[in-house]
Amino acid sequence: MKVFKFGGASVNSANAVRNMASILQKYSDDRTVVVISAMGKTTNKLELLVPGVSDAQQQPILLKELIEYHTKLLKSSFPTRKIQSMRRSPTFSRHYGTA
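Summarised in this report is the structure supplied together with it. Every chain's residues receive numbers from 1 upward, in the order its sequence appears when written. Local features in a predicted model are, by the rule used here, given only for residues with pLDDT of at least 70; side-chain atom pairs are given and counted only at 80 or more, and totals for whole chains, interfaces and linings are based on all residues. Side-chain figures throughout are based on the complete set of non-hydrogen atoms in the structure, without hydrogens or water.

## A look at a nonpolar patch on the surface
Convention followed: Nonpolar side chains (Val, Leu, Ile, Met, Phe, Trp, Tyr) within 5 Å and like charges within 9 Å form the patches, drawn only from residues with over 30% relative accessible area and no salt bridge. A 1.4 Å probe and the Shrake-Rupley method give the accessible areas. Residues count as covered only by the protein chains that appear here. By salt bridge we mean one thing: a side-chain nitrogen of Lys or Arg within 4 Å of a carboxyl oxygen of Asp or Glu. The helix and strand labels rest on DSSP assignments: H or I over at least four residues marks a helix, E over at least two residues marks a strand, and numbering proceeds from the N terminus.
Side chains of Met1, Val3, Val33 and Val35 sit close together on the surface and give an oily, nonpolar patch of about 370 Å² of accessible area. For Met1, the location among the structural elements is in the segment before strand S1 (2-8).

## Describing the pattern of salt bridges
Note the following rule: When accessible area is computed with a 1.4 Å probe and restricted to protein chains, residues below 20% of their type maximum are described as buried, those above 50% as exposed, and intermediate ones as partly exposed.
As enumerated under the stated definition, the model contains two salt bridges in all. Between Glu65 and Lys45 there is a salt bridge, with the nearest N and O atoms lying 2.7 Å from each other. Placement of Glu65 in helix H3 (residues 59-77) and of Lys45 in helix H2 (residues 42-48) is noted, with a sequence separation of 20 residues between them. Judged by its relative accessible area of 28%, Lys45 is partly exposed.

## Some points on the side chain of Ser77
This is how the line gets drawn: Any pair of nitrogen or oxygen atoms within 3.5 Å is treated as a polar contact; in protein, a donor-acceptor pairing is required on top of that, and neighbouring residues in sequence qualify only through side-chain atoms on both sides. Note on definitions: a residue-residue contact is assigned when non-hydrogen atoms from the two residues lie within 4.5 Å.
Locating Ser77 in the fold gives a position in helix H3. Within the structure, Ser77 has its side chain in polar contact with the backbone oxygen of Leu73 (distance 2.7 Å). Residue contacts for Ser77: discarding those within four places in its chain leaves Ser13, Ala14, Val17 and Arg18.

## Some points on the packing of helix H1 (residues 14-25) against H3
What counts here: Lines fitted to C-alpha atoms define the axes here, with helix axes fitted over just the stretch in contact, and angles between the N-to-C directions of these axes take values from 0 to 180 degrees. Here is the rule for angles: anything less than 35 degrees is roughly parallel, anything more than 145 is roughly antiparallel, 65 through 115 is roughly perpendicular, and the remaining ranges are oblique. Note on convention: near helix rotated counterclockwise from far helix by under a right angle means a left-handed crossing. Clockwise means right-handed. The residue classification treats Ala, Val, Leu, Ile, Met, Phe, Trp, Tyr, Cys and Pro as nonpolar and Asp, Glu, Lys and Arg as charged. All others, Gly included, are polar.
Between H1 and H3, the least distance of the axes is 8 Å, while the angle of their chain directions is 60°. With respect to H3, the axis of H1 lies oblique. The way H1 lies across H3 gives a crossing that is right-handed. Along the contact surface, H1 presents Ala14, Val17 and Arg18, while H3 presents Leu73, Ser76 and Ser77. Of the residues in the contact of H1 with H3, the class split is three nonpolar, two polar and one charged.

## Things to note about H1
Threshold: Multiplying 1.5 Å by the helix residue count minus one yields the expected span of that helix. It is the directions from the helix axis to the C-beta atoms that the arc portrays.
With twelve residues, H1 extends 16 Å between its outermost C-alpha atoms, agreeing within 8% with the 16 Å of an ideal straight helix rising 1.5 Å per residue. Within the sequence span of H1, burial applies to Ala14, Ala16, Val17, Met20 and Leu24. Buried positions in H1, seen along its axis, are confined to an arc of 165° and lie on one side of it. Away from its buried face by more than 90 degrees, H1 exposes Asn15 and Gln25. Looking at the packing, one finds that the buried side of H1 touches S1, strand S2 (32-39) and H3.

Put into structure tokens, the structure is as follows:
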């Protein structure tokens, strides 16, 4: 069994995500476990979403930025796939509004 862990700068751009995918394809016949931790500065933004850490009125804006970053990264990493932004989903709107 092979275990791979990617995070931070190793998955912070479309090229980096495609590189990760090409690495994993080399081991597609093996039993593998893949762990992908926070991309780029995601951990810092997630910390700001904790109640009481940042201004509550800023949190929907921060969350929107975080989702847009990941959506853009996915769309540019996999341009032939249809990727819907979570921001437009009914679940997101119900919990976080439309900010």
